[in-house]
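Topology and contacts: notes
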Amino acid sequence: MVEWVHTRIHPKKVQKVLLQSDVQSKSDKSPVTVADYGSQALVSYILEKELPSESFSLVAEEDSGDLRNDGSQEVLQRIRELMNDTLASDGENKVLSAEDVLTAIDSGKSEGGPLGRHWVLDPIDGTKGFVRGHQYAIALALLDEGKVVLGVLGCPNLPLASIANTDQSSSQNQVGCLFYATIGSGTYMQSLDGSSHKKSPVAIQVHVSAIENPAEASFFESFEAAHTTFSLSGSIATKLGVKAPPVRIDSQAKYGALSRGDGAIYLRFPHKGYREKIWDHAAGCIVVTEAGAVVSDAAGKPLDFSKGKFLDLDTGIIVTNQKLMPLLLKAVQDSLREASSPPTGPSL
């Protein structure tokens, strides 16, 4: 199954739909709309076409509601053109209509849950990173009876070389990584450049960092302040004795980078009221756990993807290797207690 996923739904092919140059040159939001909708429509169309014998269920971020408005016809036409161009380059003879595109997008309306099999898709994870020309990912996972059993992360802007101690925006020779994992079989990484070559790209198995001393560790967190509380992350790092500054990256590319040992810790503590969606973590979670990491919430409980579109979490998400997890969990819980305690004034 995974061989089919990473050859037919190749993120480098999906990238043709994303219009990165257009995003950077236009002031309105239509290119981002084209990117999000186009990626979802393409992936859902190919999945449903290739899996006709299964009861197809897709949990995805977008729906076609806004695209059915009269004022969205130009955007819809652009998505249709890009989809047809991409499919034609892959040998597809059928020309999709506008209604075909809308139907493909709406294939992602499933609620998920604990029963049956559900594909989970974030068509562009890290939209703001995409707009800035930084990191973003196409993230696809498969749930079976509420458990993540397969994950694919396409990270078109992530260098093949480690980003440890490297500015994520710096130019490097080889850029574009594909990570994939199936339950019990490990995590593999290969270059996205192989999509245009006759010879298949070489996949290598990757593993998380084996660092045991937190003073030697570095940690990832979200680039956007809305997705994590930087002051809390700073407190946790101080308690652990982490000396390196945080590496802030958009999207589930963090999970991919962590799975190959670029860093040792990932901290995510959104502000109060934010609800985590399963498509923001399902693919990344299996990619990093199959590489040897432990993923939990702030109470030390594993993430539960069986509850529908949202994750029920205790406060945040933490990821590291098995050796560091007890120390990290203690630092997290101590920092959370301090943050929730009212300040005490001087005694009189």
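All values derive from a computational prediction rather than experimental measurement.

By the criterion of burial, strand E4 (residues 147-159) is predominantly enclosed, with twelve of the 13 residues buried. Sheet analysis places strand E3 (residues 137-144) next to E4, joined by seven bridges and oriented antiparallel. By the bridge assignment, Leu143 is partnered in E4 with Val148. Hairpin geometry of E3 and E4 is characterised by an intervening segment of two residues between the two adjacent antiparallel strands and by a positive phi of about 55° at Glu145. The pairing of E4 with strand E5 (residues 175-182) spans seven bridges and is classified as antiparallel. Along E5, the bridge assignment pairs Leu150 with Thr182.

With that settled, the discussion passes to the sheet that holds strand E8 (residues 219-222). A sheet is described by the order of its strands in space; here five strands give the open sequence E9-E8-E10-E12-E11, paired in mixed fashion. Since the sheet does not close on itself, it has two edges, and those belong to strand E9 (247-249) and strand E11 (293-297), each with one partner. Averaged over all adjacent pairs, the angle separating strand axes in this sheet is 20°, with direction ignored. Contacts from helix H8 (residues 230-240) reach E8, E9 and strand E10 (265-268) within the one sheet, and its direction differs from that of E8 by about 170°. Packed on one face of the sheet, helix H11 (residues 325-340) meets E10, E11 and strand E12 (317-321) and runs near 155° to E12.

This next bit is on the UniProt feature "binding site: Mg(2+)" (unreviewed entry) in the protein chain. Following the UniProt record, one finds the feature "binding site: Mg(2+)" (unreviewed entry) at Glu61, Asp122, Ile124, Asp125 and Asp280. Sequence-wise these annotated residues cover 220 residues; spatially they are packed, their C-alpha atoms never more than 9.8 Å apart. Of the residues examined, Glu61 reaches a relative accessible area of 35% and is grouped as partly exposed. Examined against the element boundaries, Asp125 turns out to sit in strand E2 (residues 117-125). Not counting residues up to four positions away in its chain, the partners in contact with Asp125 are Tyr136, Ala137, Ser251, Gln252 and Asp280.

The next point concerns the pattern of salt bridges. Taken as a whole and judged by the stated rule, the model has 14 salt bridges. Residue Lys309 is joined to Glu111 by a salt bridge in which the shortest nitrogen-to-oxygen separation is 3.7 Å. Highlighted residues: Lys309 in the loop between E11 and E12 and Glu111 in the loop between helix H6 (98-106) and E2, separated in sequence by 198 residues. Judged by relative accessible area, Lys309 falls into the partly exposed class, the value being 21%. A relative accessible area of 52% places Glu111 in the exposed class. Taking the shortest distance from any N to any O, the salt bridge between Lys239 and Glu338 comes out at 2.7 Å.

Below, the discussion takes up unusual backbone geometry. Residue Glu145 is not a glycine yet carries a positive backbone phi of 55°. Residue position: Glu145 is located in the loop between E3 and E4. Of note in the backbone geometry, Ser251 takes a positive phi value of approximately 75° without being a glycine. Among the secondary structure elements, Ser251 is positioned in the loop between E9 and helix H9 (253-259).

What counts, and at which threshold
- Residues numbered from 1 in each chain as written.
- Predicted model: local features only at pLDDT ≥ 70, side-chain atom pairs only at ≥ 80, totals over all residues.
- Heavy atoms only, no water.
- Buried < 20%, exposed > 50% of the residue type's maximum accessible area, 1.4 Å probe, protein only.
- Helix = DSSP H or I, 4+ residues; strand = E, 2+ residues; numbered from the N terminus.
- Pairing = 2+ DSSP bridges.
- Axes fitted to C-alpha atoms, helices over the stretch in contact; angles between N-to-C directions.
- Contact = heavy atoms within 4.5 Å.
- UniProt positions renumbered as here; feature names shortened; annotations may be inferred.
- Salt bridge = Lys/Arg side-chain N within 4 Å of Asp/Glu carboxyl O.

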